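Each chain, letter by letter, is given below.
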Amino acid sequence: MLKTQVELLAEAHNPIMPDWSEVILGIVAFLILLFILKKYVVPRFEKAYEERAQKIEGGIEKAEKAQAEAEKALSEYKAQLADARSEAAKIRDDARLEAEQIKAELREQAESESQRIVAQGHAQLQAQKAQIVAELRAEMGRNAVELAGRIVGESLEDEARRRGTVDRFLAELDTAGATNGAGK
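Draft legend 1. Expanded view of the overall build of the protein. When you go through the protein residue by residue, the secondary structure sums to three helices and zero strands. Listing the helices and strands of the protein from first to last along the sequence gives α-α-α. In the protein, which comprises 184 residues, the proportion classed as buried is 4%. Surface accessibility of the protein: about 16,600 Å² in total, with carbon and sulfur atoms responsible for 60%.

Encoded structure:
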């Protein structure tokens, strides 16, 4: 039987089905490769993976610690800021109270100084008034003696007589002024 060339080729090598020797060789090579991967490569990958996971976890822990410290520092800062604000408010209030006290003290001092000046002014006025009244009395006494001397025609220069006359005249003026002032 004569087989055609195509049939011979088809029987010799089937492209869909490989040779058994190649299949066995492929399986052995795959098993060797699988053994090498499992023995050397996979542990290195797992070790690298574990290290990376630890670094990530350590970084997360550090970040959490840093965040906790930052929050603690922020709360301390806020507490210090609140304390500083309350202290500033207290100082400001104390300064206001002290200013009010100083103002009241200065006002009291000014009032007492004013009263002292007014009292001193009154005393000076009273002294000046007494001096002016004394001067006026003396002047009126001289004028009265001089007029009385002219009217009476005798000299009233005797000091004792003159004083008695002047005192009597001034007493009459005072009583006349008192009755006129009371009658008003």
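Draft legend 2. Fine view of a nonpolar patch on the surface. The grouping of Ile16, Met17, Trp20, Ile24, Val28, Ile32, Phe35, Ile36 and Tyr40 at the surface amounts to a nonpolar patch, some 1,000 Å² of accessible area in total. Relative to the elements of secondary structure, phenylalanine 35 occurs in helix H2 (residues 20-152).

Draft legend 3. Expanded view of the pattern of salt bridges. Following the criterion strictly, the structure yields two salt bridges and no others. In this structure, glutamate 113 and arginine 116 form a salt bridge, with 2.3 Å as the shortest nitrogen-oxygen distance. Of this pair, glutamate 113 and arginine 116 both sit in helix H2, three residues apart, which is roughly one turn of the helix. Here arginine 116 falls in the partly exposed class, since its relative accessible area comes to 44%.

Calculation notes
Residues numbered from 1 in each chain as written. Predicted model: local features only at pLDDT ≥ 70, side-chain atom pairs only at ≥ 80, totals over all residues. Heavy atoms only, no water. Helix = DSSP H or I, 4+ residues; strand = E, 2+ residues; numbered from the N terminus. Buried < 20%, exposed > 50% of the residue type's maximum accessible area, 1.4 Å probe, protein only. Areas by Shrake-Rupley, 256 points an atom, 1.4 Å probe, with all protein chains shown as cover. Patch = residues over 30% accessible without salt bridge, like charges linked within 9 Å, V, L, I, M, F, W, Y side chains within 5 Å. Salt bridge = Lys/Arg side-chain N within 4 Å of Asp/Glu carboxyl O.

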